[in-house]
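# Coordinates in review
Here's the letter readout for the chains.
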Amino acid sequence: MPLHTTPQCFNKGDAVEVLKTNPFTIWFPATVLRSTPCKKTRNGQIYVEFQTLSDKKPSGRRKEYVNAGDVRPAPPPELHRYFKVGDNVEVLYEEKGWKKGKVNDILENSLYLVSLNGVEEEIMEVEQWGLRVFRDWDDGSWVPPLEVQQMRQKNIQEVELKSRGVKLRIKYSRSRKQTFSEGMSVEVKRCYGSWHTAAIIKSVGYDKFLVEYQKLQSVNGSQFLKEEVDASCIRPCPPEIQSFHPFEHLDSVDAWFNDGWWEGHITEVLGGLKYVVRLMTTEEELVFEHSMLRPLQEWVKEKWITSRKLDMTRSSSDMTLKSKELKIRIKCSGRTLEPKFSKGMRVEVRSDEEGYHGSWYTAVIVDSICQHKFLVEYLTLRTEDESEPLKEKADPSDIRPWPPVIQRIDRFKMLEEVDAWYNDGWWVGLICKILDGQKYMVYFWTTNEELVFDHFTLRPHQEWIDGKWVIAFRKKSKIQVKSKLENLKGQNGGIASHTNFFVGAKVEVKSDEKGYQGSWYPATIVRLLRNGKYLLQYQTLENDDETDLLTEEADALFIRPSPPVIQQTYQFRPLDEVDTWYNGGWWAGQLSKVLKGSNYMVYFRTANEILEFQHSDLRPHQNLARWRMDWC
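Just so it is clear, the model here is predicted, and its values are computed rather than measured.

### Side note on the confidence of the model for the protein
Interpretation of the predicted coordinates at a detailed level should be avoided for regions scoring low in pLDDT. Chain-level statistics for the protein give a pLDDT mean of 76 and a share of 77% at 70 or above. Between residues 309-337, whose pLDDT stays under 50, and residues either more than four places distant or in other chains, the model counts 64 contacts. This model gives residues 474-492 a pLDDT under 50, and the stretch forms 57 contacts once residues within four places in sequence are excluded.

### With respect to the pairing of strand S20 (residues 252-257)
Summarising burial for S20: five of the six residues are buried, a large majority. The pairing of S20 with strand S21 (residues 260-270) spans six bridges and is antiparallel. Within S21, the residue paired with Phe257 across the bridge is Gly260. In sequence, S20 turns back onto S21 through a hairpin of two residues, with Asn258 there showing a positive phi of about 50°.

### Regarding the pattern of salt bridges
Counted under the stated rule, the structure contains 22 salt bridges. Notably, a salt bridge pairs Glu348 with Arg459, separated by 3.0 Å at the nearest N-O pair. With Glu348 in strand S27 (residues 346-351) and Arg459 in strand S36 (residues 458-460), the pair connects residues that are 111 residues apart, well separated along the chain. In this structure, Glu348 and Arg459 share a single accessibility class: buried. When salt bridges that share partners are traced, they join Glu17, Arg72, Glu90 and Arg132 into one network.

### Side note on a negative patch on the surface
A cluster of acidic residues, Glu108, Glu384, Asp385, Glu386 and Glu388, forms a negative patch at the surface. Position of Asp385 relative to the elements: it lies in the loop between strand S29 (373-382) and strand S30 (389-394).

### A word on the packing of aromatic side chains
Per the counting criterion, the structure on display carries 27 aromatic pairs. Taking 4.6 Å as the distance between ring centres and 25° as the angle between the ring planes, the aromatic pair formed by Trp256 and Phe456 counts as stacked. Taken as a pair, Trp256 in strand S20 and Phe456 in the loop between strand S35 (449-454) and S36 lie far apart in primary sequence, 200 residues in all. In this structure Phe456 comes out as partly exposed when scored by relative accessible area, which is 39%.

### Section: the nonpolar core
Grouped together as the largest cluster of nonpolar side chains are 28 residues, with contacts concentrated most on Val507, Leu536, Tyr538 and Leu618. When contributions to this core are tallied by element, the ones reaching two or more residues are strand S39 (506-510), strand S40 (520-528), strand S41 (533-542), strand S42 (549-555), strand S44 (577-582), strand S45 (585-594), strand S46 (599-604) and strand S47 (609-614). In terms of residues, this core owes the most to one element, S41, which gives four residues. If we ignore the near neighbours within four places in the chain, the residues touching Leu618 are Phe572, Val578, Asp579, Thr580, Trp586, Leu591, Tyr600, Val602 and Phe613. If you look at the next biggest cluster of nonpolar residues, it comprises 25 residues, including Val18, Ala68, Tyr93 and Leu131.

### Brief notes about the pairing of strand S28 (residues 359-370)
Both S27 and S28 contribute to a ladder of six bridges, which runs antiparallel. Directly across from Arg350, in S28, lies its bridge partner Trp360. Pairing analysis gives six bridges linking S28 to S29, with the strands arranged antiparallel. Following the sheet pairing, Val364 is matched in S29 by Glu377.

Quick notes on the rules
Residues numbered from 1 in each chain as written. Predicted model: local features only at pLDDT ≥ 70, side-chain atom pairs only at ≥ 80, totals over all residues. Heavy atoms only, no water. pLDDT = per-residue confidence, 0-100. Contact = heavy atoms within 4.5 Å. Buried < 20%, exposed > 50% of the residue type's maximum accessible area, 1.4 Å probe, protein only. Helix = DSSP H or I, 4+ residues; strand = E, 2+ residues; numbered from the N terminus. Pairing = 2+ DSSP bridges. Salt bridge = Lys/Arg side-chain N within 4 Å of Asp/Glu carboxyl O. Patch = residues over 30% accessible without salt bridge, like charges linked within 9 Å, V, L, I, M, F, W, Y side chains within 5 Å. Areas by Shrake-Rupley, 256 points an atom, 1.4 Å probe, with all protein chains shown as cover. Lys, Arg positive; Asp, Glu negative; His and termini not counted. Charge placed at Lys NZ, Arg CZ, Asp CG, Glu CD. Phe/Tyr/Trp six-rings, centres within 6.5 Å; stacked < 30°, edge-to-face > 60°. Core = buried A, V, L, I, M, F, W, Y, C linked by side-chain atoms within 4.5 Å.

Structure below.
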């Protein structure tokens with residue numbers, strides 16, 4: 001049972017919790033609406049507004065006087081808190097209040113089985129974010145004590161902790177007036193100094209702005225959290241820093257945790273690009289992967305200052321690495337540089353199994369079996385009985401070094417080539433739609449699928465070429481490719497004009513534009529028009545202003561159904577007819593030479609030119625007449 005102690009004095013706007021005991025004991029988050037002088041209260045009561053309880057009145061949230069002895073401060077959140085079987089905890093019950101319970105079991109995916117106290121014992125599954133350590137408020141302190149309790153009421157800044165969904169009250173010494181425009185992407189400083197990405201909605205007064213967070217949600221989880229914030233707590237989003245080298249001991253960093261960036265420093269460098277980081281505000285030490293850290297930057301006098309000079313610290317707007325267009329135009333002599341793999345080295349291994357064509361999986365080199373084989377142990381794949389990590393033999397041509405981590409703080413752009421984390425591996429695809437809430441639609445040409453991914457489950461696509469990592473930057477939808485390519489009417493004609501395609505059907509559209517004749521581009525039927533024409537939307541081409549996918553009319557003669565997906569797990573052979581994926585479309589060619597590392601030279605008859613492609617960018621060319629007969 002909670003300890004009832006001498007009533008505490010609260011100020012207007014304080015985040016508190018109010019005890020209710022009917023039908024069971026539960027603490028509800030609330031905000032104090034009127035200050036309570038220490039000497040005199042309204043019959044020992046405090047006027048509060050509940051954050052999760054509704055009122056029958058149109059005003060919304062319930063407001064009432066409560067006994068001062070049933071009110072306590074809202075405990076600050078504790079970062080990265082894990083629980084053991086038998087721990088006394090509090091559960092966010094029905095997303096309204098905190099109810100006492102005990103951990104009975106630890107399940108997969110950060111789930112816990114918890115038995116709740118009450119008239120009748122109730123057992124429920126709870127996610128980690130819905131649990132906190134059970135504590136009592138006893139004469140001005142928490143029992144058991146909080147690790148961050150001494151942080152309250154510091155001289156540097158006066159921070160009044162608020163529960164989620166409550167307006168932030170932060171007092172700063174304002175040095176200068178910041179001006180932010182509507183829709184601008186910014187970072188907002190919240191509890192204990194963590195920075196969270198948000199967008200400016202509007203100005204609401206002198207140096208105050210209404211912002212909408214891009215990751216934080218309201219208490220009921222129905223929408224993204226909106227708050228009024230002082231301008232002194234807002235800064236522009238820092239420029240992206242490409243850190244290709246490991247961090248070092250005592251480096252100052254920002255760590256991504258609980259949907260925000262927390263300042264800290266490296267206290268220990270672990271293996272496998274992992275680090276122990278001490279968070280500055282909580283003095284807590286946590287383990288982070290390299291991809292979850294960024295070099296610390298400070299916004300000082302309207303300039304970004306980096307704490308440590310890095311070898312490669314250029315923003316994404318300044319980088320001038322090779323594009324994929326240059327990669328494909330490489331003339332190959334048949335010799336490629338193969339990296340040297342040593343025991344214990346972290347690598348990525350390509351899968352060519354049916355249904356997994358072209359995906360890459362993180363692994364560790366266990367041993368060298370012979371001159372051309374390695375034994376690898378996967379970090380994310382397990383044996384069929386789930387008893388241990390999966391081990392298998394792999395050819396050097398299917399292994400590449402672990403790619404450097406590239407942090408993308410800014411949003412990905414239309415048609416940018418990315419790797420998507422899916423089914424425990426990385427799959428290459430194209431951004432085909434930018435969604436709200438830091439989400440994207442990604443198109444996979446190897447499977448002709450579209451799936452939705454969060455920002456932090458994507459990474460910029462990189463290729464391992466001639467012993468170097470090359471970033472595949474965003475490609476324009478219209479690049480002058482091969483002016484010699486001509487219309488392949490006799491070979492690749494469309495379906496007959498009387499063919500009917502249903503709305504939403506996935507198709508391929510032949511281009512008759514100069515330099516693009518004979519190329520086929522994936523699209524979706526939007527609407528049936530008259531005279532055998534269709535309105536369609538391309539999946540890999542964008543409009544002139546590069547704001548959305550290209551939509552245009554096309555005659556049925558230039559449209560064919562998307563061919564059935566054929567994933568060739570074994571190597572192609574010389575003279576095989578293939579379709580090559582290039583600049584967002586499929587181009588027919590003939591394989592002329594097999595190279596090392598699953599690369600090929602492909603001959604384009606109409607252009608009389610040979611280009612190099614990877615295995616994952618090829619598909620077997622299918623005979624349209626037979627395919628049409630099967631399709632009809």
